[in-house]
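Chain by chain, the residues run as shown.
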Amino acid sequence: MKTPLYQVKAEFFKTLGHPVRIRVLELLSQREHAVAEMLPEVGVEPANLSQQLAVLRRAGLVTTRKEGSSVYYSLTSPRVAELLRVAREILTGVLSDQIQLLEDLTNSTDR
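The chain carries the name ArsR family transcriptional regulator in an unreviewed UniProt entry, which gives Kutzneria viridogrisea as its organism.

Student: Account for the sheet that holds strand β2 (residues 62-67), naming residues and giving values.
Tutor: Two pairing modes exist for strands in a sheet, parallel and antiparallel, and in both the strands are linked by backbone hydrogen bonds. Spatial ordering of the open sheet is given by β1-β3-β2, a layout of three strands whose pairing is antiparallel. Two strands bound the open sheet, and with one partner strand each, they are β1 (33-34) and β2. Pairing of β2 with strand β3 (residues 70-75) involves six bridges; the strand directions are antiparallel. Its bridge partner lying in β3, Thr64 is registered against Tyr73. Of the strands in this sheet, β1, β2 and β3 are in contact with helix α2 (residues 19-30), which crosses β3 at around 85°. Sheet strands touched by helix α4 (residues 46-58): β2 and β3. Its angle to β2, the strand with the most contacts, is close to 120°.

Student: Could you give an account of the nonpolar core, naming the residues involved and the relevant values?
Tutor: Of all hydrophobic cores here, the largest spans 17 residues; its most connected members are Val24, Leu25, Leu28, Met38, Leu49 and Val62. If you list the elements that add at least two residues to this core, you get α2, α3 (35-42), α4, β3 and α5 (78-107). Of all the elements, α2 adds the most residues to this core, at five residues.

Rules behind the numbers
- Residues numbered from 1 in each chain as written.
- Predicted model: local features only at pLDDT ≥ 70, side-chain atom pairs only at ≥ 80, totals over all residues.
- Heavy atoms only, no water.
- Pairing = 2+ DSSP bridges.
- Helix = DSSP H or I, 4+ residues; strand = E, 2+ residues; numbered from the N terminus.
- Contact = heavy atoms within 4.5 Å.
- Axes fitted to C-alpha atoms, helices over the stretch in contact; angles between N-to-C directions.
- Core = buried A, V, L, I, M, F, W, Y, C linked by side-chain atoms within 4.5 Å.
- Buried < 20%, exposed > 50% of the residue type's maximum accessible area, 1.4 Å probe, protein only.

Pasting the structure below:
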């Protein structure tokens with residue numbers, strides 16, 4: 001039986017639903033990074049970072065290459081960076097609307 005597309009999409013977004021994974025993808029949107037470079041940026045233990053990178057690798061969002069004893073990660077597609085940019089734009093719009101509503105409520109004379 002074929003998995004419905006909406007279910008596949010839900011699994012994809014579930015993969016993105018972790019702050020460490022989002023931070024890793026943001027870093028990789030700039031350029032490839034070695035694991036050691038990412039550690040101070042994400043602020044988690046090496047084992048936790050490794051676990052989150054494995055999730056992203058299994059989902060096909062990142063790829064690796066080995067150079068000596070270092071493992072470098074990069075995005076599998078520039079569209080991942082585009083997705084993060086669009087998410088930021090959506091959130092900016094939502095928060096702007098909420099700020100406007102808060103200002104309207106604060107300045108309202110209906111007290």
